[in-house]
Amino acid sequence: MKATKLVSLVLIFALIMPTVFMITMETSYAATSSLGLASGSGFWNFLRGLLGFFLFERFVGQDDEEVSESGPSDSDTAEQDSSEQNSREPIAEEEEEEQVVRGSDWTEIEVTSITATEREMLELVNQERRARGLNELKVDYKLVKVARAKSQDMIDEDYFSHNSPNYGSPFDMLKRINVSYNIAGENLAGASRVELAHQELMNSPGHRENILHSDYTHVGIGIIEGGRYGKMYTQIFANLK
């Protein structure tokens with residue numbers, strides 16, 4: 001664009017300057033000529049000069065229009081940058097919220113009861129055990145504390161695994177709050193409703209074995225709303241010492 005502009009300016013000045021020079025010379029000659037032909041030629045050159053000036057103005061006007069058209073693209077870029085910055089702000093807020101949850105010490109939380117949904121899942125588990133002549137599992141609030149912490153951690157960290165990136169295995173979590181046991185196990189599920197989660201666990205041989213294990217005496221169930229499945233479920237089974 002700059003090269004084209006420079007060439008155009010050179011051509012325009014090449015057109016204007018000779019015309020101006022000729023007008024000056026022929027005007028001087030017309031003052032001493034009696035034929036009047038020089039004054040006519042001067043008028044023609046004067047028109048050529050006007051034409052060159054018009055082309056110059058036209059060129060400048062086109063350049064101004066191009067500059068004005070580039071303005072909205074700059075402002076659009078600024079608006080896009082602003083929207084990108086705004087889209088990043090909620091992420092920072094979510095990270096702060098996760099840090100608050102992650103930073104809280106779950107081991108210091110006192111648990112003295114279970115929720116309605118946790119009790120509903122406990123009843124489904126004990127129904128399965130009663131139907132097979134097995135002992136009902138009793139609620140242990142330390143196990144509930146571990147189960148809730150695990151469900152919350154899976155939601156916060158967006159994973160589904162027995163090994164927590166923050167707490168390690170469920171057995172590490174039990175040791176952290178000094179739970180003594182002979183055997184222990186963990187079931188995990190994700191579903192919108194308790195009945196669906198229970199059915200998923202019963203349809204899985206390994207999970208069903210934990211639910212129906214004859215040596216278990218206690219259970220802790222932690223159900224937390226949130227995550228990709230709607231609710232996260234953790235069952236901690238143990239034969240406590």
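It should be emphasised that the depicted structure is a prediction, and the values quoted were computed from it without experimental measurement.

On to the nonpolar core. The biggest cluster of nonpolar side chains holds 22 residues, and the ones touching the most others in it are Met121, Ile211 and Tyr233. For this core, the elements supplying multiple residues, two or more each, are helix H3 (116–131), helix H6 (194–202), strand E3 (218–225) and strand E4 (231–240). In terms of nonpolar packing, the next biggest core, distinct from the first, is built from 14 residues, Trp106, Ala147, Ile177 and Ala238 among them.

Turning our eyes to something else, we now look at the sheet that holds E3. The four strands are arranged E1-E3-E4-E2 in an open sheet whose pairing can be described as mixed. Where the open sheet ends on each side, the last strands, each with one partner, are strand E1 (138–139) and strand E2 (181–190). Sheet analysis places E1 next to E3, joined by two bridges and oriented parallel. If you follow Lys138 over to E3, its bridge partner there is His218. In this fold H3 packs onto E1, E3 and E4, with an angle of close to 135° to the strand it touches most, E3. Most of the contacts of helix H4 (residues 141–157) go to E3, to which it runs at about 30°, and overall it touches E1, E2, E3 and E4.

A few words on H6. Where H6 is concerned, the buried positions are Val194, Ala197, His198, Leu201 and Met202. Down the axis of H6, the smallest arc covering the buried residues is 130°, so these residues share one side. Looking at the buried positions of H6, the neighbouring elements they touch are H3, E2, helix H7 (205–211), E3 and E4.

What follows deals with the pattern of salt bridges. Applying the stated criterion across every chain, the model contains eight salt bridges. Arg130 is the salt-bridge partner of Glu136, the closest N and O atoms lying 2.6 Å from each other. On the basis of relative accessible area, Glu136 is assigned to the partly exposed category, the value being 39%. Where Asp158 meets Arg228, a salt bridge forms, and the shortest distance between an N and an O atom there is 2.7 Å. Of this pair, Asp158 sits in the loop between H4 and helix H5 (170–176) while Arg228 sits in the loop between E3 and E4; the two residues are 70 residues apart in sequence, bridging distant segments of the chain. Take Asp158 and Arg228: they sit in the same class, and that class is exposed.

Cut-offs and rules
Residues numbered from 1 in each chain as written. Predicted model: local features only at pLDDT ≥ 70, side-chain atom pairs only at ≥ 80, totals over all residues. Heavy atoms only, no water. Core = buried A, V, L, I, M, F, W, Y, C linked by side-chain atoms within 4.5 Å. Buried < 20%, exposed > 50% of the residue type's maximum accessible area, 1.4 Å probe, protein only. Helix = DSSP H or I, 4+ residues; strand = E, 2+ residues; numbered from the N terminus. Pairing = 2+ DSSP bridges. Contact = heavy atoms within 4.5 Å. Axes fitted to C-alpha atoms, helices over the stretch in contact; angles between N-to-C directions. Arc of directions from axis to C-beta. Salt bridge = Lys/Arg side-chain N within 4 Å of Asp/Glu carboxyl O.

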